Amino acid sequence: MRVFCSVGAGRLLKVLFFVMSAGVGLSLAFVGSDPVWATENKPLVVRNDRGGELKKRLRQLSQLRQSGRPVEIRGGVCFSTCTMFLSLPQTCVLPRTTFGFHGPSSYGRPLAPKVFEEASHVIADHYPPALRRWYLETGRYRIRTLYRIRGAKLIELGVQAC
């Protein structure tokens, strides 16, 4: 019997107790990352993340927000949806990391105006206030290229330094 687990350690232990007391053979496979108890205090270290799909990043951010797991952005670059880690209170950045910002698109193609507006605000809601204002006024209007900002500048805007 395989148990695919993305639940907390407490709930997992209850499942294990039930399965073992029922005399069922058991092998565990953890879907996603490490089991909860192995990552509770271990930081997620982000290195050279060039972004990705908005929906996937939103799911990841939700999981990190719930867990409170620290996030350290330590790579040379953090582009596109990677910059949304800045919304987590447990995130820190290195001054030398380069952050790349651009507006929402569909694989580099412009979105319909209403969709562009909605997606822009979803992204902006994941930035500290000063960065949010800049993004909505300027940053979101570049689609095929990036605005690059160093971690040192983000630290000046209130993002925590590692």
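### Some remarks on the nonpolar core
Logical step 1: The biggest cluster of nonpolar side chains holds 23 residues, and the ones touching the most others in it are Ile73, Phe85, Leu86 and Phe99.
Logical step 2: Mapped onto this core, the elements with two or more residues apiece are α3 (54–67), β4 (71–73), β7 (98–101), α4 (113–124) and α5 (129–137).
Logical step 3: The biggest single contributor to this core is α5, with three residues.
Logical step 4: The contacts of Leu86, once residues within four sequence positions are left out, are Ile73, Val93, Phe99, Phe101, His126, Tyr127, Pro128, Leu131, Leu154 and Val159.

### Remarks on the state of the cysteines
In protein chemistry, a disulfide is the covalent bond that joins the sulfur atoms of two cysteines.
Logical step 1: This structure, assessed with the given rule, holds two disulfides.
Logical step 2: Across a sulfur-sulfur distance of 2.1 Å, Cys78 and Cys82 are joined as a disulfide pair. An S-S torsion of about -110° defines the bridge between Cys78 and Cys82 as left-handed.
Logical step 3: Residue class for Cys78 comes out buried when judged on its relative accessible area of 0%.
Logical step 4: Since its relative accessible area comes to 0%, Cys82 is described here as buried.
Logical step 5: With its sulfur 2.0 Å from that of its partner, Cys92 forms a disulfide with Cys162. On the sign convention where negative means left-handed, the S-S torsion of about 95° between Cys92 and Cys162 marks this disulfide as right-handed. A residue pair is termed long-range when its members are at least 10 positions apart, and Cys92 in strand β6 (residues 91–93) and Cys162 in the segment after α6 (151–156) qualify at 70 residues.
Logical step 6: For the protein chain, the bonded cysteines connect in the pattern 1-2, 3-4 when numbered consecutively along the sequence.

### Regarding the sheet that holds strand β8 (residues 147–150)
Logical step 1: Strand order across the open sheet formed by three strands is β5-β7-β8, with mixed pairing between neighbours. Both edges of this open sheet fall to β5 (77–79) and β8, since each of them pairs with a single strand only. The mean angle between the axes of side-by-side strands here comes to 20°, regardless of whether they run parallel or antiparallel.
Logical step 2: Sheet topology note: the β5/β7 ladder contains three bridges and is parallel. Within β7, the position partnered with Cys78 by the bridge is Phe99.

### Notes on the packing of α4 against α5
Logical step 1: Running from amino to carboxyl end, α4 crosses α5 at an angle of 160°, the nearest separation of the two axes being 9 Å. In terms of orientation, α4 lies roughly antiparallel with respect to α5. In terms of crossing hand, the pair formed by α4 and α5 is right-handed. Together, Ser120, His121, Ile123 and Ala124 of α4 and Arg132, Tyr135 and Leu136 of α5 make up the contact between the two elements.
Logical step 2: Per-class residue counts for the contact of α4 with α5 are four nonpolar, two polar and one charged.

Calculation rules
Residues numbered from 1 in each chain as written. Predicted model: local features only at pLDDT ≥ 70, side-chain atom pairs only at ≥ 80, totals over all residues. Heavy atoms only, no water. Core = buried A, V, L, I, M, F, W, Y, C linked by side-chain atoms within 4.5 Å. Buried < 20%, exposed > 50% of the residue type's maximum accessible area, 1.4 Å probe, protein only. Helix = DSSP H or I, 4+ residues; strand = E, 2+ residues; numbered from the N terminus. Contact = heavy atoms within 4.5 Å. Disulfide = S-S within 2.5 Å. Pairing = 2+ DSSP bridges. Axes fitted to C-alpha atoms, helices over the stretch in contact; angles between N-to-C directions. Parallel < 35°, antiparallel > 145°, perpendicular 65-115°, else oblique. Left-handed = near helix turned anticlockwise from the far one by under 90°. Nonpolar A, V, L, I, M, F, W, Y, C, P; charged D, E, K, R; others polar.

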